[in-house]
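Residue-level structural notes
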Amino acid sequence: MTGSQEWFERARRVTPGGVNSPVRAFGAVGGTPRFVVDADGPYLVDADGREYVDLICSWGPMILGHRHPAVLEAVGRALEHGTSFGAPSRGEVELAEEIVDRVAPVEQVRLVSSGTEATMSAIRLARGFTGRSKVVKFAGCYHGHVDALLASAGSGLATFALPGSPGVTGAQTGDTVVLPYNDLAAVEKVFAESGPEIACVITEAAPGNMGAVPPLPGFNAGLREVTARHGALLVSDEVMTGFRAGRDGWYGRDGVAADLLTFGKVMGGGFPAAAFGGRADVMAHLAPAGPVYQAGTLSGNPVATAAGLATLRHCTPEVYARLEEVAQTIGRALSAGLDREGVGHRVQYSGTMFSVFFGDRPVVDFDGVSASESYRYAPFFHEMLRRGVYLPPSPFEAWFVSASHDDRAVERVLDAVPAAAAAAAAARPA
Ligand SMILES: *Cc1c(COP(=O)(O)O)cnc(C)c1O
């Protein structure tokens, strides 16, 4: 048993679909997921010994690249002192201080182990704090696999949500309202109808989970204004954008101060660490300071906090400048390649995450995403993969770069683009 094909067959016997998170499967593009045996800087090596330029970066965490020496060193030092205590440790305080220091609206923070836990806990806290039950979310925004948030009842008018997955009951999503993204009028309308029942609005600060669909100018500020006017909280999900869109995440770009923010991915440095935080008077409602219960055996794990802290401390202005440069360079080359082949498209950015939508229609919400010519993606993806570039195996996921993507790695991506663009041009709808 050596190559990805064999490992995938073994995996499918013991794990549903052969993967531990659905997006890793090649469901949307076909073919066999690559089993990774080694990673270094901007590169992945698969079980067949092939090397790829990594444009997923573990879906965000590997912002410094794989095996960054400072992160490895911090992890090694932490390991020498034990791996989990079930008692407070100094690294938790230092990581919390780093987050509070970077993101102005975050006065206090609670560490957890996944982004899902962070959003789930933030929602519970918003409900506990306001004494209200309804939660407003946007179609196409992903906040982890929280039952109440696994709802996306189509778009158009305000819809009281239907469950988005078997196993999620109507009771669990009954207090969830799903609205079209970037549609402030829909938000105003739902607040006019049920304002006193709405605990919070949760939004991706700049969405990356339907591909990159950034907020239109004024959208986040509008959410801030309408929630404040109605006594509801604004929860800004920065699990993807946090510490990636810039030193203080998307907040640093639009300055819209949410009441609660959620973080994950980058702040764990490749280990399971995430967080939610915000206004001190809201956070004071959290156990043991207040009555809203929340806990975790591995929360603030010393190895994860060491990796996260080392990562954040090395996220310098130069790192963010490099991310921007790499993302723009690849995006420009992609556009030029597709233009040469006459393929209508849009390369869109949510900070330094980006993605390509095929077709000529503007993409500002999930309807636009769904109407794009996504059938062009699979052949495009496989042509890039054949040429040693590992893209997200879905047309509706963002691409991630790291500060370790040097000119050689970027060149390899650019070299692969013309053939992939030709494959996208040749694609026909199924
Ligand atoms: C990844 C993600 C989550 C969930 O985080 P997990 O660590 O996978 O549970 C939540 N919100 C956003 C915006 C994400 O991108």
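Residues numbered from 1 in each chain as written. Predicted model: local features only at pLDDT ≥ 70, side-chain atom pairs only at ≥ 80, totals over all residues. Heavy atoms only, no water.

Another point: the overall build of the chain. If you tally the helices and strands in the chain, you get 14 helices and 14 strands. Against the compact-globule benchmark of 22 Å for 430 residues, the chain has a radius of gyration of 21 Å, which places it among compact chains. When its C-alpha atoms are laid out on the principal axes, the chain stretches across 55 × 55 × 45 Å. A total of 430 residues make up the chain; the buried ones form 56% of that total. When contacts within the chain are restricted to residue pairs at least 6 apart in sequence, long-range pairs at least 24 apart make up 72% of them. A total of about 17,300 Å² of accessible surface is found on the chain, and carbon and sulfur atoms cover 54% of it. Placing the 36 positive and 46 negative side-chain charges of the chain at their respective mean positions leaves the two points 3 Å apart. (Helix = DSSP H or I, 4+ residues; strand = E, 2+ residues; numbered from the N terminus. Rg over C-alpha atoms; globule rule 2.2 N^0.38 Å. Buried < 20%, exposed > 50% of the residue type's maximum accessible area, 1.4 Å probe, protein only. Contact = heavy atoms within 4.5 Å. Areas by Shrake-Rupley, 256 points an atom, 1.4 Å probe, with all protein chains shown as cover. Lys, Arg positive; Asp, Glu negative; His and termini not counted. Charge placed at Lys NZ, Arg CZ, Asp CG, Glu CD.)

What follows concerns the side chain of R244. Residue position: R244 is located in the loop between β9 (233-237) and α8 (251-254). No salt bridge is formed by the buried R244. Its closest oppositely charged neighbour is D54, at 8.9 Å. Polar side-chain contacts of R244 include one of 2.8 Å to the backbone oxygen of V401. Excluding residues within four positions of it along the chain, R244 makes contact with G60, M62, I63, V266, Y320, L323, T352, M353, F400 and V401. (Salt bridge = Lys/Arg side-chain N within 4 Å of Asp/Glu carboxyl O. Polar contact = N/O pair within 3.5 Å; in protein donor to acceptor, adjacent residues only side chain to side chain.)

What follows is about the pattern of salt bridges. If you walk through the whole model with that rule in mind, you get 23 salt bridges. Measuring nitrogen to oxygen at the nearest pair gives 3.8 Å for the salt bridge that ties R34 to D46. Residue R34 is found in the loop between α1 (4-14) and β1 (36-40), and its partner D46 is found in strand β2 (residues 43-46); the two are separated by 12 residues along the sequence. We classify R34 as partly exposed; its relative accessible area is 23%. On the basis of relative accessible area, D46 is assigned to the buried category, the value being 1%. For R229, the salt bridge identified is with E225, shortest N-O distance 2.8 Å.

Nothing here speaks to function; it is geometry throughout.
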